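Reading the structure
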2 protein chains.
Amino acid sequence: MASVAWTNIGELATADSSMGEGVLGLLTDAAVVAEDGVITWVGPAASCPAADEMVDVGGAAVIPGFVDAHTHPVFAGERSAEFAARMTGTPYAAGGIRTTVAATRAASDDALRANAERLAAEALRQGTTTLEAKSGYGLTVFDEARSLVAASAVTDETTFLGAHVVPEEYAERPDDYVALVAGEMLQACAPHARWADVFVERGAFDVDQGRTILSAARDAGLGLRVHGNQLGFGGGVSLAVEMGAASVDHCTHLTDDDIEALAGSNTVATLVPGAEFSTRSTYAPARRLWDAGVTVAIASDCNPGSSFTTSMPLMIALAVREMGLSPAEAVWAATAGGAASLRRDDVGVIAVGRRAHLVALDAPSYVHLAYRPGVPLVAHVWRS
Amino acid sequence: MASVAWTNIGELATADSSMGEGVLGLLTDAAVVAEDGVITWVGPAASCPAADEMVDVGGAAVIPGFVDAHTHPVFAGERSAEFAARMTGTPYAAGGIRTTVAATRAASDDALRANAERLAAEALRQGTTTLEAKSGYGLTVFDEARSLVAASAVTDETTFLGAHVVPEEYAERPDDYVALVAGEMLQACAPHARWADVFVERGAFDVDQGRTILSAARDAGLGLRVHGNQLGFGGGVSLAVEMGAASVDHCTHLTDDDIEALAGSNTVATLVPGAEFSTRSTYAPARRLWDAGVTVAIASDCNPGSSFTTSMPLMIALAVREMGLSPAEAVWAATAGGAASLRRDDVGVIAVGRRAHLVALDAPSYVHLAYRPGVPLVAHVWRS
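Please read these numbers as outputs of a predicted model, since none were measured by experiment. (Residues numbered from 1 in each chain as written. Chains lettered and ligands numbered in written order. Predicted model: local features only at pLDDT ≥ 70, side-chain atom pairs only at ≥ 80, totals over all residues. Heavy atoms only, no water.)

**With respect to the overall build of chain A**
When its secondary structure is counted, chain A shows 14 helices and 15 strands. Its C-alpha atoms give chain A a radius of gyration of 20 Å, within 12% of the compact-globule value 21 Å for 384 residues. Each principal axis of the C-alpha atoms in chain A carries an extent, and together these give about 70 × 45 × 40 Å. Among the 384 residues that make up chain A, the fraction classed as buried is 64%. The contacts in chain A between residues at least 6 apart in sequence include a share of 71% that link residues at least 24 apart. (Helix = DSSP H or I, 4+ residues; strand = E, 2+ residues; numbered from the N terminus. Rg over C-alpha atoms; globule rule 2.2 N^0.38 Å. Buried < 20%, exposed > 50% of the residue type's maximum accessible area, 1.4 Å probe, protein only. Contact = heavy atoms within 4.5 Å.)

**What to know about the pattern of salt bridges**
All names here are of chain A. If you walk through the whole model with that rule in mind, you get 42 salt bridges over all chains. Between arginine 173 and aspartate 176 there is a salt bridge whose closest N-O contact spans 3.4 Å. Through salt bridges with shared partners, a single ionic network connects Glu157, Arg194, Arg344, Asp346 and Arg355. (Salt bridge = Lys/Arg side-chain N within 4 Å of Asp/Glu carboxyl O.)

**Side note on the packing of helix H3 (residues 109-125) of chain A against helix H4 (residues 141-152) of chain A**
All names here are of chain A. The interhelical angle for the contact between H3 and H4, taken along N-to-C directions, is 45°, at an axis separation of 8 Å. Taken together, the axes of H3 and H4 are oblique relative to one another. Viewed along their axes, H3 and H4 form a crossing whose handedness is right-handed. For the pair H3 and H4, contact is made by Asp109, Leu112, Arg113 and Ala116 and by Arg146, Ser147 and Ala150, respectively. (Axes fitted to C-alpha atoms, helices over the stretch in contact; angles between N-to-C directions. Parallel < 35°, antiparallel > 145°, perpendicular 65-115°, else oblique. Left-handed = near helix turned anticlockwise from the far one by under 90°.)

**Examining unusual backbone geometry**
Residue and element names in this part refer to chain A. Within the chain, asparagine 8 stands out as a residue other than glycine whose phi angle is a positive 60°. One non-glycine residue, arginine 280, adopts positive backbone phi at about 55°. Within the fold, arginine 280 resides in the loop between helix H9 (273-278) and helix H10 (286-291).

**Topic: the nonpolar core**
Counting residues in hydrophobic clusters, the biggest one holds 196 residues, and the most contacted among them are Leu271 of chain A together with Leu271 of chain B. Leaving out residues up to four positions away in the same chain, leucine 271 of chain B has contacts with His250, Cys251, Ala284, Ala286, Leu289, Val296, Ala297, Ile298, Ala299 and Met323 of chain B. (Core = buried A, V, L, I, M, F, W, Y, C linked by side-chain atoms within 4.5 Å.)

**Describing the interface of chain A and chain B**
It is common to give the size of an interface as the accessible area lost on bringing the parts into contact. Listed by partner, the interface residues are 41 residues for chain A and 41 residues for chain B. Between chain A and chain B, the buried area comes to about 3,400 Å², and carbon and sulfur atoms account for 59% of it. Among the residues of chain A in contact with chain B, Phe277, Arg321 and Tyr371 of chain A are the three that bury the most area, contributing 25% of the side total. Residues glutamate 122 of chain A and arginine 372 of chain B are paired through a salt bridge, measuring 2.7 Å at the closest nitrogen-oxygen approach. Across the contact surface, chain A and chain B share 22 residue pairs in polar contact (both at pLDDT 80 or more). Residue assignment for the side of chain A that touches chain B shows that the elements contributing at least two residues are helix H1 (80-87), H3, H9, helix H11 (312-323) and helix H14 (368-371) of chain A. The element best represented in the side of chain A that touches chain B is H11 of chain A, accounting for six residues. Taken together, the residues of the side of chain A that touches chain B sort by class into 20 nonpolar, 12 polar and nine charged. (Buried area = accessible area lost by both parts, 1.4 Å probe. Polar contact = N/O pair within 3.5 Å; in protein donor to acceptor, adjacent residues only side chain to side chain. Nonpolar A, V, L, I, M, F, W, Y, C, P; charged D, E, K, R; others polar.)

**With respect to the domain arrangement of chain A**
Residue and element names in this part refer to chain A. Here the domain parsing of chain A yields domain 1 (3-65 + 348-383) and domain 2 (66-341). The gap between the C-alpha centroids of domain 1 and domain 2 is 29 Å. Of the residues lining the interface, 19 residues belong to domain 1; the matching set on domain 2 comes to 21 residues. Between domain 1 and domain 2 the total buried area reaches about 1,600 Å² when both faces are included, carbon and sulfur atoms providing 76% of it. Remark: the boundary between domain 1 and domain 2 carries zero salt bridges. The interface formed by domain 1 and domain 2 contains four residue pairs in polar contact (both at pLDDT 80 or more). A per-element tally of the side of domain 1 that touches domain 2 places strand S15 (residues 378-383) first, with four residues. (Domains from an automatic or database assignment.)

**What about the sheet that holds strand S6 (residues 66-68) of chain B?**
Residue and element names in this part refer to chain B. Spatial strand order, S6-S7-S8-S9-S10-S11-S12-S13: eight strands in an open sheet with parallel pairing. Looking at which strands have only one partner, the edges of the open sheet turn out to be S6 and strand S13 (296-298). With direction set aside, neighbouring strand axes in the sheet form an average angle of 25°. Across the sheet, helix H12 (residues 327-334) is in contact with S6 and S13; its angle to S13 comes to roughly 80°. (Pairing = 2+ DSSP bridges.)

**Looking at the sheet that holds strand S12 (residues 268-271) of chain A**
Residues and elements named next belong to chain A. Strand order in the open sheet formed by eight strands is S6-S7-S8-S9-S10-S11-S12-S13, with parallel pairing between adjacent strands. Two strands lie at the open edges of the sheet, namely strand S6 (66-68) and strand S13 (296-298), each paired on one side alone. Adjacent strand axes in the sheet meet at a mean angle of 25°, parallel and antiparallel pairs treated alike. Strand direction decides the pairing type here: S6 and strand S7 (residues 128-134), joined by three bridges, are parallel.

**Some points on the side chain of threonine 309 of chain B**
Residue position: threonine 309 of chain B is located in the loop between S13 and helix H11 (312-323). Residue threonine 309 of chain B is classed as buried on the basis of its relative accessible area, which comes to 1%. Setting aside its immediate chain neighbours within four residues, threonine 309 of chain B contacts Arg372, Pro373 and Val375 of chain A together with Ser300, Cys302 and Met315 of chain B.

**Structural notes on the packing of aromatic side chains**
The tally for this structure, following the rule as stated, stands at 16 aromatic pairs over all chains. Both rings, one in tryptophan 6 of chain A and one in tryptophan 382 of chain A, keep their centres 6.0 Å apart while their planes meet at 70°; by these two values the pair is edge-to-face. Taken as a pair, tryptophan 6 of chain A in strand S1 (residues 3-13) and tryptophan 382 of chain A in strand S15 lie far apart in primary sequence, 376 residues in all. The class of tryptophan 6 of chain A is buried, set by a relative accessible area of 5%. With centroids separated by 5.6 Å and ring planes inclined at 45°, the aromatic side chains of tyrosine 371 of chain A and phenylalanine 83 of chain B adopt a geometry described as tilted. Linking tyrosine 371 of chain A in helix H14 with phenylalanine 83 of chain B in helix H1 (residues 80-87), this pair reaches from one chain into another. Side by side, tyrosine 371 of chain A and phenylalanine 83 of chain B carry an identical accessibility label, which is buried. (Phe/Tyr/Trp six-rings, centres within 6.5 Å; stacked < 30°, edge-to-face > 60°.)

**Remarks on the relation of the copies chain A and chain B**
When chain A is fitted onto chain B, the two copies agree to an RMSD of 0.0 Å after a turn of 180° and an axial shift of 0.0 Å. Here the copies are linked by what is in effect a two-fold axis. Within chain A, glycine 374 of chain A has its C-alpha nearest the rotation axis, a separation of 2.6 Å. Same-surface contact between copies: 100% of interface residues of chain A are shared with the interface of chain B. (Least-squares fit on C-alpha atoms with pLDDT ≥ 70 in both.)

**Some points on helix H6 (residues 207-219) of chain A**
Residue and element names in this part refer to chain A. Taking 1.5 Å of rise per residue, 13 residues should cover 18 Å, and H6 covers 18 Å from first to last C-alpha, within 8% of that figure. Within H6, burial applies to Gln209, Gly210, Ile213, Leu214, Ala216 and Ala217. For H6, the angular spread of the buried residues around the axis is 160°, confining them to a single face. Along H6, exposed side chains directed more than 90 degrees from the buried face belong to Asp208 and Asp219. Its buried side turned inward, H6 meets strand S8 (157-163), helix H5 (174-189), strand S9 (195-200), strand S10 (223-228) and helix H7 (236-243). (Expected span 1.5 Å × (residues − 1). Arc of directions from axis to C-beta.)

**Description of a negative patch on the surface**
Residues and elements named next belong to chain A. On the surface, a cluster of negative charge is made up of Glu35, Asp36, Asp52 and Glu53. Its location among the elements puts glutamate 35 in strand S2 (residues 26-35). Of the residues examined, glutamate 35 reaches a relative accessible area of 45% and is grouped as partly exposed. (Patch = residues over 30% accessible without salt bridge, like charges linked within 9 Å, V, L, I, M, F, W, Y side chains within 5 Å. Areas by Shrake-Rupley, 256 points an atom, 1.4 Å probe, with all protein chains shown as cover. Lys, Arg positive; Asp, Glu negative; His and termini not counted. Charge placed at Lys NZ, Arg CZ, Asp CG, Glu CD.)

**Looking at the packing of H5 of chain A against H6 of chain A**
Packed helices, taken two at a time, are described by the angle their axes make and the gap between the axes. Residue and element names in this part refer to chain A. Relative to each other, H5 and H6 sit at 10°, their axes nearing to 9 Å. Put simply, H5 runs roughly parallel to H6. Facing Pro174, Asp175, Val178, Val181, Ala182 and Leu186 of H5, the residues of H6 in contact are Gln209, Thr212, Ile213, Ala216 and Ala217. Here the contact of H5 with H6 is built from residues that sort into eight nonpolar, two polar and one charged.

Quick look at the structure:
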């Protein structure tokens, strides 16, 4: 492949406010040119340079490919019966993860990889061009390492989540499990992971346990992420800020101090409205976070227990309906915000030097992603 | 076409409780046979009779095609800017309809039909095999009649909704508009419509005006439907029951008396969670209605102002998450319930004598429609 030009873009959402109108940096009647998969030119369609291949998008809206910075696609089995029970009265609890752990341990490497590939392909069809993928349903040295190998088949953004929950065999001696995660398991997994993550929550790991694991992971050269403040108030956010984590995810229950700490940090708040939808939770205070100056991302949290969706368009609709973001802010959070959550400066924005990951919508404007909830609007996806 | 057999159905949701387990009448390892588009046999895959064409659905779940009993697909223009403003603080008001009325009057017959066809095709791809379609953005004798001609291009379930809102030119003399709707407009429209509908709501029509129009429509041979109790408590439900309407739609704000009246009637409560999602309204009390013995349908209310979606899968997910229906009840309401709302005994259920309108899911169970929100799970649609 040499050069490609996308022309006749009715509305181009660059996700860079310096390039056009509003937070999404909107341009109308625009064009984009890329060479060898990297954007080399963005501007008015009328002055688009020639390219080897010309793609006329027919006046459609074009946005950056979604950056889904929080998914758990490596697992076996499903939990639709648990979901149905929860919807008729049984509350969500982190312990349900253990059901999937048993199925995952029993599955072959091929089955784990096939499941991750199936979900990554499903996500790509819906416009997700960059995907973070966690382990966390193996919870042994062997099963976490092979989970990360499976994750590596679909993305470079792999995350070691041995500290997802304490497995049943360690229920009576959780500190031994923490030592395993921070020791032998980390050593086995670090070669296959870019990130480490800890679920800091009642029923999972406390702040001191989280700090032990994240410190060891940092020493092993991994970037840090935290699951925090999902099921109640707690120390996940403050631990993430203290450790300089790239992201703290969920953030459903935040104090004013949590928001202030995030605003003064480089830690992104990655919100996961799908989990709040599917567990019938309250929603994270995205409006307050945004107004406080926190960098906000939204992600799918795709997993078989609390959020079995890959749909970033639905995440956008929920962020608008339930979290008080404007459609423009929600699309920014699903693209540029996701890139910030993964500390990536090569995706999530349509600008010179970034990868040409583009999504054309069957709609005249990005607003339709929230205005037309549930409708498959992703018409074409280009991921060079 | 002669006979077709669908075999290797992992889970068949018939939507007839007499045929299998639960409200959806579930069968496992099932098959369905149809001749000339009408179902002639339903039973275990192992004893499936031979047919001219054999379709192996690969163990997937199969459900009846959705029956979307409330849509407004005949219009021109869109209102994404109004939507974005509403999501950042401007409340929904019925008067916004007038924006679409102006665009619709200015549009050609071909443009109106093309818009309806585009939305019907979009709905079909998402599993909707029977669609009701209303007029209501013309609001002149000429424009209502041609709107119904456009609606007739996509469905036989056409509904005359001249009484959608009082157009601006009649704002000072609404009773003259009621007389027009019940007189000349009805006469022009009745040949193209199966149903008549009235929007009984503050800002639209009161109960006496609604009764006048519905009485005239009944005399003209049309079946009756009512938009009621959407924006507040009111007389829409009681008028629908009094008139023997097939359905009263929205039902967001109901008194105990309203629910009791519905339970003692043949009027279906057609709930439209998409409108409640996109106007940030409270949700209709589906759980209370169902438990009181009311027949409940769910529909998309597809329209450019308050619910611009054709996604029955998302309506199911919302009915479960927000309205307290179980996944089985929600799927029933989207299929058999929709058929009841349209007083149809030939669609909405997979049983001998019904049309072979089948949907195969990219999932092992109908539960996934709620468990996997936003994910396009409709793999194949058959509408004979």
